[in-house]
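# Examining the three-dimensional arrangement
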Amino acid sequence: MTDVSSPEQLLFASTTQAFLEKEASLSRVRELHAADTSFDSAWWQRAAELGWASLLVPEDLGGGSVSGDGLADLALVAEQIGHSVAPGPLHPVSVVLAGLVEAPDGHEDTIEALVSGELIASWAVYEPRRPLSPLQPGVTATRTASGYRIDGVKDRVEAGTEAGVFLVVADVDGNPRQFLVPADRAGVTEQRSVDMVKRYARVEFDGTEVDEAALVGDAAQTPAIIERQRQVALVLQCAEIVGILETVLAMTTQWMFDRHSFGRPLASYQALKHRLADMKMWFEACRGTTAGAVAAVSARSEDATLLVSVAKAYVAERAPVMLQDCVQLHGGIGVTWEHDLHLFLRRTALYRALYGSPEEHHRLVYALSAKTFRQEVSA
Amino acid sequence: MTETAVPTATESVADFAARARAWLADNMPRVDPDNLPVALRAVQSSWDRAKELQKRLYEGGFAGLCFPREYGGQGLPLAYQKAFTAECRGYEMPLILNVPSLTICAATILDMGTESQKRERISAAIRGDEILCQLLSEPSGGSDLAGVITRADRVGDKWIINGAKTWSTSAFAADYGLMLARTDWTVPKHQGLTMFLVPLNSPGITMRRIKEVNGNEEFCEEFFDGLELGDDAVVGEVNNGWEVASRQLHHERRAVGGGSEFASGTDSDNAEEMPPDHVAYAELTGHGDDPAVQELVGRALARRIVKNQLIDHVGNAIGNGSLPPNAGTLIRLFHAETTELEVDTALAIAGTAGVVDEGEELSGLLDSIGVRYLSRQTGSLGGGSSEMARNVISERILGFPREFAADKGVPFNEVKRGRT
C-alpha cells in the first residue's frame, strides 16, 4: 500500500479494500464479463457511498476526503482497484469532477449527483483516428441565439453507454472550451476494449443544442482545467497499474515457491531469481514515480506536467513487460483463460495506450526539457 | 580567519547555520553552484587542495561535525550537519574526502577501532592531515569478499603480510588503509579474517595505479611482500575482521546512498557520475527535431527522474519498515541500469560524432560520449556487481533460497580456489 499516514486514511483504505474484496473480486469481474455487463450501477452507488467520488470535491460542494489530500486518497482507491482489476467508472467520474470543481458555478447539482453515485459522467476528449490532443478539438461549438450548437464526433469515451452526461471538449472560435452535455442528446455507439469489463463509446454530436449554462469555465481558464483533468487521468492509470503489479508479483512470487521442477522450487534457480529481482526493483520504481506524480499533481506544482509524463512513460513501459514475464514464469497455465493473469494483462495493455503511450510521453518529456534547455542557451 | 567559536549544546540549529553562513562567506572560496568545478579524483593536486580546504574547515570548527569531540569532531547531531551542508552550497568544499575517507573508513574506525586508533586516525582525517582508504578487493575475486587470500602470519610479536589488493579507491592519495587479511586458514572463511590499519608508506608495500579503459587512474593495486605490522594495527579483534568489513560495507551503502551523517556537502564529486546532457547532444548534433531521437532522449531523462524518485521512495519505505534495510540494493541496481541506459542513449544520439572527432562544437563528444561508453560497465561492477545485487534482492528481500555455496562451513584451506 502506498504511504498511509493517518488512522482515518488507514480506516478508509481498509474499508475500501474490504468492499473490493467482497464486491469486486476477480470472479465477479468474470461474472460481469460473462453477462456482457461493464458494471452494476447499484454497485457503483454503494462505492460512492464509501466516498470514492467525493475525494476531489471540496466540502462546500458536498465532497471531502479523509486525509485532506483527496488526490492521494483517490490514488489509493485506484491502486486497490488494480488488485482485482475491478470494474466501475472511477476514472471517468473522477476526471470530470476534477474539471468541474475548478469552475463549479452552475454545475453544483451535477457535482452532487456525481458524488452520490446517481449520475455517471465521462470526459469526451479523444476524436476518431487522432492521438490525444485535448487543446485542438475537431468538434466545434457554434454560437446560437440561446447558446451553442455542437457538431462532430468523439470516441474512446469511457463508460460512454452508461454515462448520463459528457464533458465535451469543443472548439469555440479557435479556443478549446468544455461543455456538459446530457448523453441523450448525442448518438452513442459502444466500442469494445481488450479489457474484460471496461467499455468505451463513440459519441456523435449532430447539431446538438446546449444553452450557455452548459459551459464549464471561461476561455482563459479552460486550458489549465483540461491539463488538470489530463493529469488526474494519468495518475489514476499509474496508481491502478501499481496495484496490478503488486498483485501479479505476489502471485508470481508465490508460484516460484510452490512450483517444483527437477525436484527444486523455481525460486531456487538463479536465472529465475534474477528476473524476479529485476521485477521487484521495477515495481518499487513504478511505485516511487507514481508517488512523485501524485504529490506533484496534488500540490499543483510547476513540474506536475513533467512528472505525470515521467510516471506514465515509465510505468506503462515497464508494466506490460513485467506482466508478460510473469506469464512466461507461470508456463502454459499463464496463457489459459482460466488463469487470472490475463485479466491483469488486459487492463495493463489498455492503460498503456490510453492517454498517451510511453513513446508519446517520452517525446513530451523531451519537449519539456528541450524548452528549458533552449531558454538557458538563449539566456 | 574569524575567531573560532566553540559550539555549545545550547546553540540552536538556526544559530549554528547563521554562524556557519558568516564563517563560510569569510573563509571559503565561492563557486558557481550551478557550474561546480569537478575535482579529478585521479590527480594528486585535487587531494592536496582538498586537505587544504579541510584544514580551513577544521580551524573554523566546521569539520567532522558529527564525530565525537574527543576524536577531533564537534559532537553535533545530524541536524547541524544537514544545516551546514545546506549552507556550504556555493562554496568550494573538500567533497572528495567524504568517500571513502570520512564516511566509510573513519566511521568504521569509530565503531570498531581501539582508543588510540580513534584518537589518532580519525582526528588526523578530520584535521585534513591524513586520508584513509579501503584495501578489500583482491585480484583473485571481487564479489566474494570474505574469500580474501592475502595472509597475515604471526611471527614473534609481529604480523607479516603477504598478498595483493586491488581496486582500492584513491589509495595513492591515502595515508592509512583498512586491510582485510586471513589470519586463520583452518576455519570457515568468515571466521579467519582480521582487519588491519596499515600505514601505506611502510616498507613492504608496492603500489601501482590501475589504468582504466577511459584512461582514468584513480584506482590502485597494492602488493605486500613481508609487510610487518604490530598488534596496534589490528582493528577490532583478531579473527573478527568480517564484522569490521561488514561495518565498512554498511557505511559504504549509506554513504553511496547519500545517507551518511559524516558527509559534509553534497553534489557529485565525480565527473564520471555526472549525467550526460542528452538534450544538449541532440541539439548539438542537429537531431533535436527527430521524433526517434526525442523518444530516446525522453526515455533517458525520465529514467533519471525515476531514479531519484526511487531513492526517495526506498528511503521512506525503509524508514517506515515497509521495506527491509537492505532494500538500498534496489537503488544500487537501478543506478547501474540507469547509467547503462544513459550512456547508450548518448552514444546513439551522437552517431559518428561520438566516435570520430568532427571538430568545432562537436569535438568534445569523442571523450564525453565515445570514451565514456568504453567504461559503461563500471557502474554495474563497482561496489558489488549487478549480479550480486540481484542475489541480494531475490534472497534477502524476496526470501528466495540462497545460492549454493561450496565453501560454506568448510575450513578455508580445504576450499577450492581458481588458479591465480
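Since the model is a prediction, treat every value here as computed from it, not as a measurement.

Helix and strand content of chain A: eleven helices and ten strands. Expected size for 379 residues packed as a compact globule is a radius of gyration near 21 Å; at 21 Å, chain A falls within 12% of this value. Relative to its full complement of 379 residues, chain A shows a buried share of 54%. A fraction of 75% describes how many contacts in chain A between residues 6 or more apart in sequence connect residues 24 or more apart.

Moving on: the nonpolar core. In terms of nonpolar packing, the biggest core is built from 150 residues, with A:Phe166, A:Phe179 and A:Val235 touching the most fellow members. Residues B:Leu95, B:Ala152, B:Ala233 and B:Val235 belong to the second largest nonpolar core, which totals 75 residues.

Residue and element names in this part refer to chain A. Interhelical geometry of helix H7 (residues 222-258) versus helix H8 (residues 270-298) gives an angle of 155° and a closest axis separation of 10 Å. Considering the angle they form, H7 stands roughly antiparallel to H8. Judged by the twist between their axes, the crossing of H7 over H8 is left-handed. Contacts from Gln 231, Val 232, Val 235, Cys 238, Ala 239, Ile 241, Val 242, Leu 245, Leu 249, Thr 253 and Met 256 in H7 reach Leu 272, Leu 276, Met 279, Phe 283, Cys 286, Arg 287, Thr 290, Ala 293, Val 294 and Val 297 in H8. Considered class by class, the residues forming the contact of H7 with H8 number 17 nonpolar, three polar and one charged.

Residue and element names in this part refer to chain A. Helix H10 (residues 341-353) packs onto H7 with a crossing angle of 155° between their chain directions and a minimal axis gap of 10 Å. Accordingly, the angle class assigned to the pair H7 and H10 is roughly antiparallel. Remark: the crossing between H7 and H10 carries left-handed chirality. For the pair H7 and H10, contact is made by Gln 237, Glu 240, Ile 241, Ile 244, Thr 247 and Val 248 and by Leu 341, Phe 344, Arg 347, Thr 348 and Tyr 351, respectively. For the contact of H7 with H10, the class distribution of residues is six nonpolar, three polar and two charged.

Of the residues lining the interface, 31 residues belong to chain B; the matching set on chain A comes to 31 residues. Mapped onto the side of chain B that touches chain A, the elements with two or more residues apiece are helix H7 (278-284), helix H8 (291-319), helix H9 (328-350) and helix H12 (386-397) of chain B. By residue number, the principal contributor to the side of chain B that touches chain A is H8(B), which donates 16 residues. Looking at the side of chain B that touches chain A, its residues break down into 18 nonpolar, seven polar and six charged.

Attention now goes to the environment of A:Glu102. Residue and element names in this part refer to chain A. In this structure, Glu 102 sits in the loop between helix H5 (90-100) and helix H6 (108-116). Judged by the 17 C-beta atoms lying within 10 Å of it, Glu 102 is partly exposed. Sequence spacing of Glu 102 and Arg 177 is 75 residues, and the spatial spacing of their C-alpha atoms is 14 Å. Once residues within four sequence positions are removed from consideration, Glu 102 is found in contact with Gly 217, Gln 221, Ile 225 and Arg 228.

So, about the environment of A:Ala277. Tracing the backbone shows A:Ala277 in helix H8. With 26 C-beta atoms packed within 10 Å, A:Ala277 lands in the buried category. Once residues lying within four places of it in the same chain are set aside, the contact partners of A:Ala277 are B:Arg390, B:Ile393 and B:Ser394.

As a further point, take the environment of B:Lys118. All names here are of chain B. Within the secondary structure, Lys 118 is located in helix H5 (residues 115-127). Remark: the alpha-carbon pair of Lys 118 and Ser 143, spanning 25 residues in sequence, is separated by 29 Å. Ignoring sequence-local partners within four residues, the contact set of Lys 118 consists of Tyr 71, Ile 109, Leu 110 and Gly 113.

With domains assigned, chain B is organised as domain 1 (15-129), domain 2 (134-254) and domain 3 (275-397). One C-alpha centre belongs to domain 1 of chain B, the other to domain 3 of chain B, and the line joining them spans 29 Å.

It is worth spelling out the pairing of strand E7 (residues 200-211) of chain A at this point. Here strand E3 (residues 147-158) of chain A pairs with E7(A) via ten bridges, running antiparallel. Among the inter-strand pairings, A:Gly147 is bridged to a residue of E7(A), identified as A:Asp211.

To continue, consider the domain arrangement of chain A. Residues and elements named next belong to chain A. Each domain of chain A was delimited in the assignment, giving domain 1 (7-116), domain 2 (121-216) and domain 3 (222-372). Look at where the C-alpha atoms of domain 1 and domain 2 centre, and you get two points 22 Å apart. Between domain 1 and domain 2, the contact holds 20 residues from the first and 17 residues from the second. For the side of domain 1 that touches domain 2, the secondary structure elements donating two or more residues are helix H2 (26-34), H5 and H6. Sort the elements by how many residues they give to the side of domain 1 that touches domain 2 and H5 lands first, with seven residues. Considered class by class, the residues forming the side of domain 1 that touches domain 2 number twelve nonpolar, eight polar and no charged.

Rules used in this analysis
Residues numbered from 1 in each chain as written. Chains lettered and ligands numbered in written order. Predicted model: local features only at pLDDT ≥ 70, side-chain atom pairs only at ≥ 80, totals over all residues. Helix = DSSP H or I, 4+ residues; strand = E, 2+ residues; numbered from the N terminus. Rg over C-alpha atoms; globule rule 2.2 N^0.38 Å. Buried ≥ 20, exposed ≤ 12 C-beta atoms within 10 Å, placed from the backbone. Contact = placed C-beta atoms within 7 Å. Core = buried A, V, L, I, M, F, W, Y, C linked by C-beta atoms within 7 Å. Axes fitted to C-alpha atoms, helices over the stretch in contact; angles between N-to-C directions. Parallel < 35°, antiparallel > 145°, perpendicular 65-115°, else oblique. Left-handed = near helix turned anticlockwise from the far one by under 90°. Nonpolar A, V, L, I, M, F, W, Y, C, P; charged D, E, K, R; others polar. Domains from an automatic or database assignment. Pairing = 2+ DSSP bridges.

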